[in-house]
There are 4 protein chains.
Amino acid sequence: MKPQIVTFLIKCPDQKGLVAKITNFFYKEGFNILSCQQYVNVLENMYFMRVRLSSDDTKIGKVDFETKFLKIATPLEIQWSVKYDSYTPNLAIFVSHTSHCLYDLLERQREGVLDCNIKMVVSNHEKLRPIAEMFGVPYYCLPVDKSDKSIQEAQIIELLEENEIDLIVMARYMQILSANFINRYPEKIINIHHSFLPAFQGANPYKRAYERGVKLIGATAHYATADLDEGPIIEQGIERVTHDSTPKTLKHIGADIERIVLAKAIKCHLQSQIIVSNNKAVVFPETGE
Amino acid sequence: MKPQIVTFLIKCPDQKGLVAKITNFFYKEGFNILSCQQYVNVLENMYFMRVRLSSDDTKIGKVDFETKFLKIATPLEIQWSVKYDSYTPNLAIFVSHTSHCLYDLLERQREGVLDCNIKMVVSNHEKLRPIAEMFGVPYYCLPVDKSDKSIQEAQIIELLEENEIDLIVMARYMQILSANFINRYPEKIINIHHSFLPAFQGANPYKRAYERGVKLIGATAHYATADLDEGPIIEQGIERVTHDSTPKTLKHIGADIERIVLAKAIKCHLQSQIIVSNNKAVVFPETGE
Amino acid sequence: MKPQIVTFLIKCPDQKGLVAKITNFFYKEGFNILSCQQYVNVLENMYFMRVRLSSDDTKIGKVDFETKFLKIATPLEIQWSVKYDSYTPNLAIFVSHTSHCLYDLLERQREGVLDCNIKMVVSNHEKLRPIAEMFGVPYYCLPVDKSDKSIQEAQIIELLEENEIDLIVMARYMQILSANFINRYPEKIINIHHSFLPAFQGANPYKRAYERGVKLIGATAHYATADLDEGPIIEQGIERVTHDSTPKTLKHIGADIERIVLAKAIKCHLQSQIIVSNNKAVVFPETGE
Amino acid sequence: MKPQIVTFLIKCPDQKGLVAKITNFFYKEGFNILSCQQYVNVLENMYFMRVRLSSDDTKIGKVDFETKFLKIATPLEIQWSVKYDSYTPNLAIFVSHTSHCLYDLLERQREGVLDCNIKMVVSNHEKLRPIAEMFGVPYYCLPVDKSDKSIQEAQIIELLEENEIDLIVMARYMQILSANFINRYPEKIINIHHSFLPAFQGANPYKRAYERGVKLIGATAHYATADLDEGPIIEQGIERVTHDSTPKTLKHIGADIERIVLAKAIKCHLQSQIIVSNNKAVVFPETGE
């Protein structure tokens, strides 16, 4: 393979000698280990590793490499994924009426902070088309037929497949996707929920936060699962508020939390920092060179 | 009255000219306004004021003063309370097995940070007696008879009345008090709940936080009402956590949030910074001289 | 004047009866007091008020109103400013190479979060022109002549006056403005500094934060004064970091703090929430209707 | 050795195959790796590892074990330390007039949160003796002779050696220790400074924070070095403040940050989570079983 950085995400039942076995393998294949992050969940007896390799000094090809890795992975019951830096993932952003997360993601991608292609913006409304167009990104308005939501979902799926989408971002998309749709993209849909889950699941969290008189509001980025707002949490943020806040000011304060939390979660995903296990997200810190 | 600081807490329907009417009254009676904090809840059309007065230059007596204030308060539908600095409030602390909040409150009172008398510690267990005794505070162990909880509550009420208790602090007291008991002390019971409400109401919040995989944990101090964990929130705190945390480490991290949040809430109460309205707490900032 | 919201910012030496005198005046002139926020700095014997008035029920004209107010203000040594909601302030944004704050402000203005006109972007480089153009805002590239910086500053001043600019925002503008320039716009220039001041004043704060091994990084929005990074602080934000961070990742984390902190500070300024006194900024909370 | 948990802290120049070499060694000696945390500082080409081993299945003795480890460590230029859980470290706490950190540490030790013996409290004043005595800890009042500070330091050193002290905690000790004293205990003295360093180094940080008008205050726990307030930072905390704060209220708010930050730093030290390199502290997260 051409010289690049290769990132492995590994999980398996914990067992003696794992670190040595895995790192020895990469070492012998001629890779240089740039960083090796591990975590053991003792309560659940699970082992997690994120390892970043430089392929500068190896001659092995991708297929050969993965085949060989499979041979050590299978007996250890390792589940794994690998990301090659030479590949740039494709994103689709789903939106409805609210623009702040959309702006934020388009801008970060354009400025090189998010290493991905934003292939399209999908919405059930026309409203945000001008924003996508400012950034030169195709905008697909696909209204929902309330009598049969599956029609719109089928249209979306077609677009996703045509564009070889790797990650779907629900950037305040106000439609509930069917279990059928969501199960098709496991750990490939990131949603931003505008509360610190599990508080205020469901609709109108800021109004409910005002009514409950909370002193903190927040936002949560999580992988979407068929159970609404119950998927693995990637990142959460909060901000202090006071009795001075109204539902409207909470919404403004919250918008800033949402945009930051969503962008952080997407960055972690794109940099292969996340391993999901037992509906919880292990999120390794960024490792910098 | 003798020279001292007098703090009024006022709430009423919002109406034209309120500030001028109320401050004029204090001004004419010879008080100096040290600080006057206001808040208008426009959505609920309610007006709130906290005003701190110096009585150094007035000759008026307490009874006369309050009678006169009542005359302007009644037509304006003002609900109010007044605190004279010459009076030191009496506290009772309720505990079960967990010691960190108890230590914290005893120490803060002793060091002069909480301006109150801690008259007693009440528990359903013997365990924490040595701590109360270190600080020279009477400890009453009143076990709960599960067939009839009202027996213990009657014993507690007798102690509270004998000791003229002004504020009850549930410092990780693990019994659910009856509605009967709680309604007897409206806005006079502060509870610390070990989660950022409304998330994880009820039992075992740290275990549930671990299972949900949250990236933030918190604590909430609130006035106890007959609805468990639903009373007006006074203060909340949070701390970031990661996948590295276990229920045990979450409990340790949480203990520090609990102690700080509870102490802040009690201080706000003792300094008459809180007005409750519509199950929400208006908490005015501390004003310093 | 036409029905609108009028915001007064008032400061003066503290003295008996101030609240009553000022609020009585507005009351008698037929204004409805929407909110009245006060703060007394006891240590410096200064009184601060922010009062928002509805002019719906008054017939008085602006000139007449201000003349009358001056009559009560002068004997009380009141310094004041007034903002009429019917006027939309004009902004100029100064930038150099870094785009995140510029994007953020342009977007917030466009989405109606910042109530102002962004009349121009000024830079010493061409680099960010495409961003201003995306948003349809004029971009002036005015390179600095190092032998005589005053030439460029004179060009800028001309532009500012032509465009009747009310607020200058230094959104990571990497030139040091002359005392001459800055003193011309007192409390009218907001700068974002990429550290939690007073730590890391001056150049390269992220590199120095890395070298010092801090566990928190931050950003500070302040009014620019002739003393570099010494002006009144409006808002600060921080984020936790770990040893995992490099100067590069600190810069990315910091960029998000900067954009949020700068936008908050500008919003506070535009909503007339800030009074400066003794090089410190009193920032009243937002009051919502 | 008897069955226990053994924690290694390792640093060395980064080089190929390190992970495999080190973990293989432990693996072959019959240890079970409970957790293996690593960090590579790419900019400084340094490798850091914290590895926790269970000795349940090994027969090797301590001396033999360490001798063998030395053989692989030396060629790799590894600097290392090892902690055996069977040993409980001895602490000395230095104080002056301020009590909150002292209370906090005594209580945490007593409640089993800090796994150490607190062998003594040393002070230059009598004031806090009653607190040490409440907790049954010896209190040594050693006043400073201003004409020759070294006399008191010599007395302290004698006490420290008699009591085999492993860690000195400066819990708001208001004397500046000599370079001579400090250099004797490298990475064995933890100080709490009452500001977020590098802001407000030196005296009176809360007063200076008030005067600067900051919107955040903080505290910093660091290893003491001969350069005052310049040692490696272990932990920092902050709290938001407003213009309402006075130097006195800042001091109260700050006290809570100080106690939490200091306790966290000591816990990290006692649990062998910290490796210092190039005046920066690598702090590995707690790993729980």
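Residues numbered from 1 in each chain as written. Chains lettered and ligands numbered in written order. Predicted model: local features only at pLDDT ≥ 70, side-chain atom pairs only at ≥ 80, totals over all residues. Heavy atoms only, no water.

### Quick notes on the domain arrangement of chain A
The figure often quoted for interface size is the accessible area lost as the parts come together.
Residue and element names in this part refer to chain A.
Line of reasoning, step 1. Domain annotation of chain A identifies domain 1 (5-84) and domain 2 (90-283).
Line of reasoning, step 2. One C-alpha centre belongs to domain 1, the other to domain 2; they are set 31 Å apart.
Line of reasoning, step 3. Facing twelve residues of domain 1, the contacting portion of domain 2 comprises eleven residues.
Line of reasoning, step 4. Carbon and sulfur atoms supply 59% of the area that domain 1 and domain 2 bury against each other, a total of about 890 Å² over both sides.
Line of reasoning, step 5. In terms of surface lost to domain 2, no three residues of domain 1 exceed Leu 9, Glu 44 and Phe 48, which account for 46% of the buried area on that side.
Line of reasoning, step 6. Where domain 1 packs against domain 2, one counts one salt bridge.
Line of reasoning, step 7. Lys 280 is paired through a salt bridge with Glu 44; the nearest N and O atoms lie 2.6 Å apart.
Line of reasoning, step 8. At the boundary of domain 1 and domain 2, one finds five residue pairs in polar contact (both at pLDDT 80 or more).
Line of reasoning, step 9. Of all the secondary structure elements, the ones that give two or more residues to the side of domain 1 that touches domain 2 are strand 1 (5-13), strand 2 (32-41) and strand 3 (46-54).
Line of reasoning, step 10. Considered class by class, the residues forming the side of domain 1 that touches domain 2 number six nonpolar, two polar and four charged. (Domains from an automatic or database assignment. Contact = heavy atoms within 4.5 Å. Buried area = accessible area lost by both parts, 1.4 Å probe. Salt bridge = Lys/Arg side-chain N within 4 Å of Asp/Glu carboxyl O. Polar contact = N/O pair within 3.5 Å; in protein donor to acceptor, adjacent residues only side chain to side chain. Helix = DSSP H or I, 4+ residues; strand = E, 2+ residues; numbered from the N terminus. Nonpolar A, V, L, I, M, F, W, Y, C, P; charged D, E, K, R; others polar.)

### Some remarks on the sheet that holds strand 4 (residues 79-84) of chain D
By way of backbone hydrogen bonds, the strands of a sheet pair with one another, either parallel or antiparallel.
All names here are of chain D.
Line of reasoning, step 1. Taking strand neighbours across the sheet as the criterion, the four strands line up as 2-3-1-4 in an open arrangement whose pairing is antiparallel. Strands at the two margins of the open sheet, each flanked by one partner only, are strand 2 (32-41) and strand 4. With strand direction ignored, the average angle separating the axes of adjacent strands in the sheet is 10°.
Line of reasoning, step 2. By the bridge criterion, six bridges tie strand 1 (residues 5-13) to strand 4 in an arrangement that is antiparallel. Bridging from a neighbouring strand, Lys 11 pairs with Gln 79 of strand 4. (Pairing = 2+ DSSP bridges. Axes fitted to C-alpha atoms, helices over the stretch in contact; angles between N-to-C directions.)

### Considerations on the packing of helix 1 (residues 18-28) of chain C against helix 2 (residues 62-73) of chain C
Any two packed helices are characterised by how steeply their axes cross, that is the angle between the axes, and by the distance between the axes.
All names here are of chain C.
Line of reasoning, step 1. Following both chains from N to C, one finds helix 1 and helix 2 inclined at 155°, their axes separated by 11 Å at the closest point. As far as their axial angle goes, helix 2 and helix 1 are roughly antiparallel. Relative to helix 2, the crossing made by helix 1 is right-handed. Residues Lys 21, Ile 22, Phe 25 and Phe 26 of helix 1 form the contact with helix 2, whose own contacting residues are Phe 65, Lys 68, Phe 69 and Ile 72.
Line of reasoning, step 2. Its residues placed into classes, the contact of helix 1 with helix 2 shows six nonpolar, no polar and two charged. (Parallel < 35°, antiparallel > 145°, perpendicular 65-115°, else oblique. Left-handed = near helix turned anticlockwise from the far one by under 90°.)

### Some words on the nonpolar core
Line of reasoning, step 1. Ile266(A), Ile266(B), Ile266(C) and Ile266(D) are the most contacted members of the largest nonpolar core, which has 214 residues in total.
Line of reasoning, step 2. For Ile266(D), the residues in contact, after removing those within four places along its chain, are Leu91(D), Leu105(D), Leu114(D), Leu167(D), Val169(D) and Ile190(D).
Line of reasoning, step 3. Listed in part, the 50 residues of the second largest apolar core include Ile78(A), Cys12(D), Val19(D) and Val40(D). (Core = buried A, V, L, I, M, F, W, Y, C linked by side-chain atoms within 4.5 Å. Buried < 20%, exposed > 50% of the residue type's maximum accessible area, 1.4 Å probe, protein only.)

### Section: the relation of the copies chain D and chain A
Two chain copies here: they are related by a rotation about an axis and a translation along the same axis.
Line of reasoning, step 1. With an RMSD of 0.0 Å, the fit of chain D onto chain A corresponds to turning through 180° and sliding 0.0 Å along the axis. Such values leave the two copies arranged in the relation of a two-fold axis. Taking C-alpha positions as the reference, the residue of chain D nearest the rotation axis is Ala20(D), at 2.3 Å.
Line of reasoning, step 2. Same-surface contact between copies: 100% of interface residues of chain D are shared with the interface of chain A. (Least-squares fit on C-alpha atoms with pLDDT ≥ 70 in both.)

### Details of the sheet that holds strand 11 (residues 233-240) of chain D
All names here are of chain D.
Line of reasoning, step 1. A sheet is described by the order of its strands in space; here seven strands give the open sequence 7-6-5-8-9-10-11, paired in mixed fashion. The open sheet has two free edges, formed respectively by strand 7 (139-141) and strand 11, since each of these has just one partner strand. The average undirected angle you get between the axes of adjacent strands in this sheet is 15°.
Line of reasoning, step 2. Looking at chain direction, strand 10 (residues 216-223) and strand 11 are connected through seven bridges and run antiparallel. Bridged to His 222 within strand 11 is Ile 233.

### Let's talk about the interface of chain B and chain A
Line of reasoning, step 1. Listed per partner, the contact involves 36 residues of chain B and 37 residues of chain A.
Line of reasoning, step 2. With both chains or domains summed, chain B and chain A bury close to 2900 Å², and 56% of this area falls on carbon and sulfur atoms.
Line of reasoning, step 3. When the buried area of chain B at its contact with chain A is split by residue, Arg212(B), Lys215(B) and His243(B) rank highest and sum to 25% of it.
Line of reasoning, step 4. Seen at the junction of chain B and chain A, the total is four salt bridges.
Line of reasoning, step 5. Between Glu230(A) and Arg212(B) there is a salt bridge; the shortest N-O distance is 3.8 Å.

### Considerations on helix 5 (residues 149-162) of chain B
All names here are of chain B.
Line of reasoning, step 1. Between its first and last C-alpha atoms helix 5 spans 21 Å; for 14 residues at 1.5 Å apiece the expected length is 20 Å, and the two agree.
Line of reasoning, step 2. Within helix 5 the residues assigned to the buried category are Gln 152, Glu 153, Ile 156, Ile 157, Leu 159 and Leu 160. All buried residues of helix 5 fall inside an arc of 165° around its axis, so they share one side. When the buried face of helix 5 is taken as reference, the exposed residues oriented beyond 90 degrees from it are Glu 158 and Glu 162.
Line of reasoning, step 3. If you follow the buried residues of helix 5, they end up packed against strand 5 (90-95), strand 6 (117-123), strand 7 (139-141), strand 8 (167-170) and helix 6 (179-184).
Line of reasoning, step 4. Residue Glu 164 follows helix 5 closely and has a positive phi angle near 50°. (Expected span 1.5 Å × (residues − 1). Arc of directions from axis to C-beta.)

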